[in-house]
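# Structure assessment
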There are 2 protein chains.
Amino acid sequence: MRNAAETRQKLLETAIGLIWQSNYSSVGVNEICKQAGVTKGAFYHHFETKADLFIAASRHYWDRMKQDLDAIYSPSFTPLEQLENLIQLIIEKQINECSSKDMEVAGCPFFTSGGQAGIDEEKICQAAREMEDHMQRYSVALVRGLKADGVLRGDPDVDQVARFLHHFVQGLLIYGRLMNSLDAVRADLREGIYRLLDLKDAYRSEGSEQPVSSAADAA
Amino acid sequence: MRNAAETRQKLLETAIGLIWQSNYSSVGVNEICKQAGVTKGAFYHHFETKADLFIAASRHYWDRMKQDLDAIYSPSFTPLEQLENLIQLIIEKQINECSSKDMEVAGCPFFTSGGQAGIDEEKICQAAREMEDHMQRYSVALVRGLKADGVLRGDPDVDQVARFLHHFVQGLLIYGRLMNSLDAVRADLREGIYRLLDLKDAYRSEGSEQPVSSAADAA
DNA sequence: GAGATAGCATACCGTTCGGTATCTTCAAGG
DNA sequence: CCTTGAAGATACCGAACGGTATGCTATCTC
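Predicted model only: the values in this text are computed from it and were never measured.

Overall, the prediction assigns chain A a mean pLDDT of 90, with 92% of residues at 70 or greater. Across residues 208–219 of chain A, confidence stays below pLDDT 50; counting only partners more than four residues off in sequence or on other chains, it has 22 contacts.

See below:
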């Protein structure tokens, strides 16, 4: 055992990094191995196929993401604070994942890769759907909390509004990536989310207060 | 001249079709040529590189799209009717573009391909941004019309709301594609758009009336 | 200490990639 | 009719692709 866990970890992290920069189909096994400082033999010792690496990488990425989400969704925050934490986390995620590369926004590569996968790449779609499902649970919990607090106007369908938020954020992130402008994301993220949530007038916040500053440090 | 225009047209159409099915990087030149019934020599006679084909294809696609958009945005419709036409067009586009393939939703491949392109593929990003810019104009015009008609609540930033719509729709389409469910799109498209627009109560329509049924026939 | 086995490296497989060089064919202009 | 040049066909290029076969080596078990 020349430290198998570490090798596997390195492959996963490298794969995630490279996929963030472009997408599944244009990232080669050789490239991943080279950047990870691992030979191809080692690669195929740990993963049966490139697609299997992708699946493992998406799970691995979710594990990290879950920690961040659990932190910002802590019951010690009010739903409104959780919302602000989330907005802040999304922004910080982009900064963290894009550090030292000449891109400002990354979006979620697992979501987009899955959304562009062909029919023949069912495994990739599956992994993306899995990630999707996880995210959705958290989103629903947030909206449910907001509704329970009486913050939302009307009597919205909690699951649907949660999906709305997700669709909007994903679309915005892709847009931001295309424009290569984090400011473009910042300009629309909060406002769009609040508009979709349709908060009661009393709860519409304007500024960008920072209720918690260490929410995304674990990234 | 063995009908060069037709060959070029065939290559463009085929490329569009294949890219809709997956994405730029995973569609090969050979595949395009084979399906178009054109040899690679002919391909590289018409296009310098694969990226140039992509650009030309995106322009070609926009030309078709523009016709549809001009039709549904005709001044003979009220802004509210235009909105309904747009919603309907989005749905019908998916059906048309996915016909006979085992996928129900396609999304916009030029947008997503651009959003996933690496740094080295600046041409692809450029083409996507170009498409983006065109779409935005139409979206802004729609929102402006709605606002001018006094349909919207408050005093929203027209450009921003137009962006919101676009982000939401793109995100929703990718989601729908991932889930391979047009019903998932149908379930959220209208409701989400209306929520983002924040119509005055009097103008919130519930059903799915069809103000014009021939809007998207030109597709 | 003698297997047994996990961890990994090297070399290489067949295929496909985007792209090119060269040739033929055919239609138009003189 | 004959030249000319665009349109297209064929063959091919080197590189990279995903993946495999095999062998070495370090570590664990007994």
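Still more ground to cover, so stick around.
Now for the protein's contact with DNA strand D. The full set close to DNA strand D counts 20 residues, and V29(A), K40(A), T7(B), H45(B) and H46(B) are the nearest of them. Backbone atoms, meaning sugar and phosphate, make up 62% of the atoms of DNA strand D lying within 4 Å of the protein. A distance of 2.4 Å separates a base oxygen of DNA strand D from a polar side-chain atom of K40(A). Counting only elements with at least two residues in the surface near DNA strand D, the list comes to α2 (29–36) and α3 (40–46) of chain A together with α1 (4–21) and α3 (40–46) of chain B. Here the surface near DNA strand D gets four residues from one element, more than from any other, and that element is α3(B). Per-class residue counts for the surface near DNA strand D are seven nonpolar, nine polar and four charged.

Attention now moves to the packing of aromatic side chains. Residues and elements named next belong to chain A. This model, assessed by the stated rule, comprises 18 aromatic pairs over all chains. Here Y24 and F54 contribute two aromatic rings whose centre-to-centre distance is 5.1 Å and whose plane-to-plane angle is 70°, an arrangement assigned as edge-to-face. With Y24 in the loop between α1 (4–21) and α2 and F54 in helix α4 (residues 50–72), this pair connects stretches of sequence that are 30 residues apart. Ring centres 5.3 Å apart and planes at 55° place the aromatic pair F54 and F110 in the tilted group.

On the chain B side, the residues contacting the 44 residues of chain A number 44 residues. Where chain A abuts chain B, roughly 4000 Å² becomes buried across the two surfaces, and 58% of that area is made up of carbon and sulfur atoms. Three residues, Q116(A), L178(A) and R195(A), lead the burial of chain A against chain B; their summed loss comes to 21% of the area buried on that side. Across the pair R163(B) and D188(A) runs a salt bridge, and its minimum N-O distance is 2.6 Å. Summed over the shared surface of chain A and chain B, the number is 26 residue pairs in polar contact (both at pLDDT 80 or more). Sort the elements by how many residues they give to the side of chain A that touches chain B and helix α8 (residues 158–179) of chain A lands first, with 13 residues. For the side of chain A that touches chain B, the per-class residue count stands at 19 nonpolar, 15 polar and 10 charged.

A word on the relation of the copies chain A and chain B. Superposition record for chain A on chain B: RMSD 0.0 Å, screw rotation 180°, translation along axis 0.0 Å. The operation mapping one copy onto its partner corresponds to a two-fold rotation axis. Interface overlap between copies is the fraction of interface residues in one copy that are interface residues in the other; for chain A against chain B it reaches 100%, indicating a shared surface.

Conventions we followed
Position numbers for residues start from 1 in each chain and track the written sequence from start to end. Numbering of ligands from 1 and lettering of chains from A proceed in the order in which they are written. Confidence filtering applies because this is a predicted model: local features only for residues at pLDDT of at least 70, side-chain atom pairs given and counted only at 80 or more, and all residues used for totals across whole chains, interfaces and linings. In computing side-chain properties, one takes all heavy atoms of the structure into account and sets aside hydrogens as well as water. Per-residue confidence from the predictor is reported as pLDDT, which spans 0 to 100. Residues are treated as being in contact if the distance between any of their heavy atoms lies within 4.5 Å. One heavy atom within 4 Å of a molecule or strand makes the whole residue count as near it. In protein, a polar contact means a hydrogen-donor-capable atom and an acceptor-capable atom, both N or O and within 3.5 Å, with residues adjacent in sequence counting only if both atoms are side-chain atoms; elsewhere, any N or O pair within 3.5 Å suffices. Here a strand is any run of E in DSSP of at least two residues, a helix any run of H or I of at least four, and the numbering for each starts at the N terminus. Amino acids are sorted into nonpolar (Ala, Val, Leu, Ile, Met, Phe, Trp, Tyr, Cys and Pro), charged (Asp, Glu, Lys and Arg) and polar (every other residue, Gly among them). Aromatic pairing here means that ring centres of Phe, Tyr or Trp (its six-membered ring) are within 6.5 Å. Orientation follows from the plane angle: under 30 degrees is stacked, over 60 is edge-to-face, and everything else is tilted. Each of two parts loses accessible area, computed with a 1.4 Å probe, when they are put together; buried area is these two losses added. One speaks of a salt bridge when a side-chain nitrogen belonging to Lys or Arg is within 4 Å of a carboxyl oxygen belonging to Asp or Glu. Least-squares fitting of one copy onto the other uses the C-alpha atoms of those residues that reach a pLDDT of at least 70 in both copies.

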